[in-house]
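Next come the chains, spelled out residue by residue.
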Amino acid sequence: YDGQNVLKSSYIGLRILQGRGQESAGISVGDGKSIRTYKRKGAVADIFDDKILKILDNPADTASIGHVRKFDVKNEDVIEPFELKDDNFRISVAMDGKLFDQDKFKEYGVEFDKSTELLGKIFLKKLKEEEKTNEAAKKTMLELDRGYYSAVMLVNDGEKTREIGIRDPRGVKPYCIGKSGKTYFLSSESVALDSLNAELLRDVKPGEFIEFTSENSEPVSEQLIASKPAFCAFEFNYGASRASTIEGKSVDEFRKEMGKRIYEFYKNQITKKGKVFPSPDSGRGVALGFAKASGFEYDEVVIKNPNTKRTFLIPDKDVREFEASVKFSVVKKAVEDQIFYDGLFFLP
């Protein structure tokens with residue numbers, strides 16, 4: 001940390017990561033004495049207007065975390081980050097992930113499927129027992145042997161606020177670390193680091209613990225548990241931004257390579273030269289790779305309404321289908337007399 005406005009950094013990062021969740025957002029900031037959180041349903045820009053940002057801002061803040069969320073049907077009232085406290089510590093926690101077998105943890109009094117709150121309560125209990133944050137993180141990982149999470153926390157002991165990141169031992173969800181000047185960042189995607197003019201340093205390792213404090217110029221990191229990686233391929237196919245780099249691989253290049261391989265798989269079945277029409281936005285990279293490998297003409301004929309939501313995030317089926325119906329328009333002239341082939345491209 002070198003005096004950058006940590007609240008503004010979280011706000012900018014969340015704006016860039018809005019595609020990962022559009023139903024709610026929240027930010028926690030911390031100085032030496034306290035943690036403060038503001039969160040609501042809605043989009044980042046609507047929640048954190050100039051008035052709220054001014055109220056929440058404090059030049060003494062040294063750490064900040066933020067979260068955007070998609071709702072599942074059962075947890076429409078869950079908005080992160082969660083603040084929790086005991087006699088010694090106050091924490092704020094946010095995560096991308098899900099925990100299973102929650103019936104094993106009835107002692108924590110957490111409603112079913114509120115994974116982030118459960119992780120926070122387990123960590124807080126282990127922190128009280130162990131007193132050291134890395135040991136508390138390791139015990140938390142061992143207890144949560146089923147599930148996946150890329151979690152970030154602010155931990156305040158009344159004298160200072162430290163920021164902690166942990167990634168599950170299988171490394172299911174993406175997580176990376178970046179740096180700008182002396183300020184470090186943790187993010188689900190590197191595209192958020194780009195918006196902050198920060199350098200992508202590396203991915204957080206599966207089972208890794210990272211801690212940042214204002215006193216230390218470099219973070220403390222330790223891979224507490226190593227396991228066989230089980231990364232979520234959906235991030236490369238659809239979930240992540242084309243502009244991101246995940247696990248050392250460009251999402252854009254991955255999707256183009258996917259398009260190339262799809263052509264190689266189908267080329268012996270294709271008897272006529274056709275056109276490639278992408279489904280925006282995530283399908284564009286695949287379509288470009290297919291077009292380049294095949295030599296087919298590439299054309300944008302599915303037009304996306306820029307004022308619509310990312311529809312796969314909407315839990316209600318009827319609402320989702322309605323939003324999809326107003327999300328896309330087709331240039332009819334371009335697809336006249338075309339045959340829709342295999343969900344990937346059109347052939348005459």
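Residues numbered from 1 in each chain as written. Predicted model: local features only at pLDDT ≥ 70, side-chain atom pairs only at ≥ 80, totals over all residues. Heavy atoms only, no water.

### Considering the sheet that holds strand β4 (residues 82-85)
- The sheet built from six strands is open, its strands ordered β4-β5-β6-β7-β11-β12 with antiparallel pairing. A strand with exactly one partner marks an edge of an open sheet, and here the two such strands are β4 and β12 (220-223). Going across the sheet, the axis of each strand differs from the next one's by a mean of 20 degrees, ignoring polarity.
- Examined bridge by bridge, strand β6 (residues 147-156) and strand β7 (residues 161-167) share seven bridges and lie antiparallel to one another. Considered in β7, the bridge of Asn156 is made with Thr161. (Pairing = 2+ DSSP bridges. Helix = DSSP H or I, 4+ residues; strand = E, 2+ residues; numbered from the N terminus. Axes fitted to C-alpha atoms, helices over the stretch in contact; angles between N-to-C directions.)

### Some thoughts on the packing of aromatic side chains
- Throughout the structure, instances matching the rule amount to 11 aromatic pairs.
- Measuring from ring centre to ring centre gives 5.8 Å for Tyr38 and Phe48, while their planes differ by 70 degrees; the resulting arrangement is edge-to-face. Residue Tyr38 is located in strand β2 (residues 35-41), and its partner Phe48 is located in the loop between α2 (44-47) and α3 (50-56); the two are separated by 10 residues in the primary sequence.
- Overall, Tyr38 belongs to the partly exposed group, its relative accessible area being 25%.
- Accessibility expressed as a relative area gives 1% for Phe48, which makes it buried.
- Ring centres 5.2 Å apart and planes at 80 degrees place the aromatic pair Phe265 and Tyr266 in the edge-to-face group.
- Using a relative accessible area of 63% as the deciding quantity, one classes Phe265 as exposed.
- On the basis of relative accessibility, which here comes to 17%, the residue Tyr266 falls in the buried class.
- Chaining the aromatic ring pairs together yields one cluster made of Phe231, Phe236 and Phe254. (Phe/Tyr/Trp six-rings, centres within 6.5 Å; stacked < 30°, edge-to-face > 60°. Buried < 20%, exposed > 50% of the residue type's maximum accessible area, 1.4 Å probe, protein only.)

### A look at the confidence of the model for the protein
- Across the protein, the average pLDDT comes to 89, with 93% of residues at 70 or higher.
- Confidence drops under pLDDT 50 across residues 342-348; counting only partners more than four residues distant or on other chains, this segment forms 30 contacts. (pLDDT = per-residue confidence, 0-100. Contact = heavy atoms within 4.5 Å.)

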